[in-house]
Amino acid sequence: MKMPKTHAPKRFAFALTAAASAAAMFTLAPAPALAVPAGGYADLVETISPAVVFVEVTGKAQPASGRQTIPNDKFMEEFMRRFGGKMPRFDDSRPVKGAGSGFVISGDGLIVTNHHVIDNAQTVSVTLADGSVHEATVIGADPLTDIALLKVEAAAPLTVVEFGSSDALRVGDEVLAMGSPFGLAGTVTSGIVSATSRNINAGPFDDFIQTDAAINRGNSGGPLFNAEGEVVGVNTMIYSPGGGSVGIGFAVPSDMVQKIVADLEDDGEITRGWLGVQIKPLSEDAANVLGREAGKGVVIESVAADSPAAEAGLKPGDVVLRFRGADVNELRDLTAAVAMNAPGEAAQIEVLRRGKEVTLDVTLGDRASQGQVS
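Since this is a predicted model, take the numbers as computed values, not measurements.

The next point concerns the overall build of the chain. Looking only at helices and strands, the chain has eight helices and 20 strands in total. Residues classed as buried in the chain amount to 41% of the 374 residues present. The contacts in the chain between residues at least 6 apart in sequence include a share of 67% that link residues at least 24 apart. Element-wise, carbon and sulfur atoms account for 52% of the exposed surface of the chain, whose accessible area totals about 19,600 Å².

So this is what it looks like as structure tokens:
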């Protein structure tokens, strides 16, 4: 499903309402105080903002748009022969420039940003909070999760921020988004977590944090902080019918980001496990027959020959219940669970086969060399 006018490098707006205070009037026990410090977020922002950076890129030249073309070159040649001069030369391309945000995760200059910020970049530069500009090297990038890792060289250790647990987030938790919307470096906005594990059909590993913290063009790659100043997400896109912030934005959860960054830091490449199956949702009729909840369930449609799945004994028609102990309720559950394990990892997969639960041992292959979904 395509999102209407989803602009990857953008962020969303935040508005406080009276709903929380109104609800508190009807509670018998004292309501817990909001997480916002009495003096606001100034002290927290002062601590974490030096680790947030502005990323600028120059990309490969693209065909120039909006310039007139000459419909008849021979006519122009004859015109120039008669009236003198040389044929004008038109530049068919122009450099592409882009910008985004990022954050420092190590004192020696490792920086996280979005893949789409640096995609096809010829040069990447990073402006630190002190205004100094540094040329950056792309260590590696993962388009499927939209995460990239950069490296800069600095004379002194850089200020860093730490990752927190995105899994610990709850809907309603307060968050801060930081970055450089429209080139305005150091911009801070606040909001709440609107949803977790959001699937927007943007890719096979959708597991987004949804927030209403204001994010706009240029915030891509910037950090989403919890109230303790820990990075719980990387801001990556917004839903925007009109091109501006409407309070619906998405961040890649930190628990996923940490795994991707560790893999990229190791050798600049992402390795993902491969099972070797094609899968489909469990139909409502089949769910009723099997006593499964409607709308939940994953069925193996086919098994690739000589694949890890085939060697493990998986068969078409098997209903996947769990992978490595984690419940599998929808397609992305299995896809992500398999991919987040390294090739060669041993795992157990539990399936429902002809009304009986069966547990099989599988050793994962390498997804990079395959064209399979899982």
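After presenting the structure, the write-up continues.
Turning our attention to unusual backbone geometry. In this structure, N120 takes a positive phi of about 65° despite not being glycine. Among the structural elements, N120 can be located in the loop between helix 4 (115-118) and strand 4 (121-127). If you check the backbone angles, D146 has positive phi at about 60° while not being a glycine. Note that D146 resides in the loop between strand 5 (133-142) and strand 6 (147-152).

This model, assessed by the stated rule, comprises two aromatic pairs. Seen from their ring centres, F103 and F163 are 6.0 Å apart, and the 80° between their planes marks the pair as edge-to-face. A residue pair is termed long-range when its members are at least 10 positions apart, and F103 in strand 2 (residues 93-104) and F163 in the loop between strand 6 and strand 7 (174-179) qualify at 60 residues. Measuring from centroid to centroid gives 6.0 Å for F208 and F250, while their planes differ by 55°, and the two rings are tilted. Taken together, the positions of F208 in strand 9 (residues 208-211) and F250 in strand 12 (residues 249-253) put the pair 42 residues apart, joining distant regions of the chain. Residue class for F250 comes out buried when judged on its relative accessible area of 3%.

It is worth spelling out the environment of N216 at this point. When you line up the elements, N216 lands in the loop between strand 9 and strand 10 (223-226). Each C-alpha atom of the pair N216 and M237 lies 8.7 Å from the other, and the pair is 21 residues apart in sequence.

For the rest of this paragraph, the subject is the side chain of N235. Turning to its location among the elements, N235 is positioned in strand 11 (residues 231-238). Separated by 3.3 Å, the side chain of N235 and the backbone oxygen of P223 make a polar contact.

Right, let's get into the pattern of salt bridges. Enumeration over the complete set of coordinates arrives at seven salt bridges. D318 serves as the salt-bridge partner of R353, at 2.7 Å between the closest nitrogen and oxygen. Here R353 is found in strand 18 (residues 346-353), whereas its partner D318 is found in the loop between helix 7 (308-312) and strand 16 (319-323), with 35 residues between them in sequence. Classification of D318 by relative accessible area gives buried; the value is 2%.

Moving on: the pairing of strand 18. Of all eight residues making up strand 18, six are buried, and the element is well covered by its neighbours. Pairing analysis gives four bridges linking strand 16 to strand 18, with the strands arranged antiparallel. Bridge pairing in strand 18 places V320 opposite V351. Sheet topology places strand 18 next to strand 19 (residues 356-363); eight bridges connect them, and they run antiparallel. Each residue of the ladder has a partner; that of A346, found in strand 19, is T363. In this antiparallel pair of consecutive strands, strand 18 and strand 19, the connection spans two residues, and R354 shows a positive phi of 55°.

Rules used in this analysis
Residues numbered from 1 in each chain as written. Predicted model: local features only at pLDDT ≥ 70, side-chain atom pairs only at ≥ 80, totals over all residues. Heavy atoms only, no water. Helix = DSSP H or I, 4+ residues; strand = E, 2+ residues; numbered from the N terminus. Buried < 20%, exposed > 50% of the residue type's maximum accessible area, 1.4 Å probe, protein only. Contact = heavy atoms within 4.5 Å. Areas by Shrake-Rupley, 256 points an atom, 1.4 Å probe, with all protein chains shown as cover. Phe/Tyr/Trp six-rings, centres within 6.5 Å; stacked < 30°, edge-to-face > 60°. Polar contact = N/O pair within 3.5 Å; in protein donor to acceptor, adjacent residues only side chain to side chain. Salt bridge = Lys/Arg side-chain N within 4 Å of Asp/Glu carboxyl O. Pairing = 2+ DSSP bridges.

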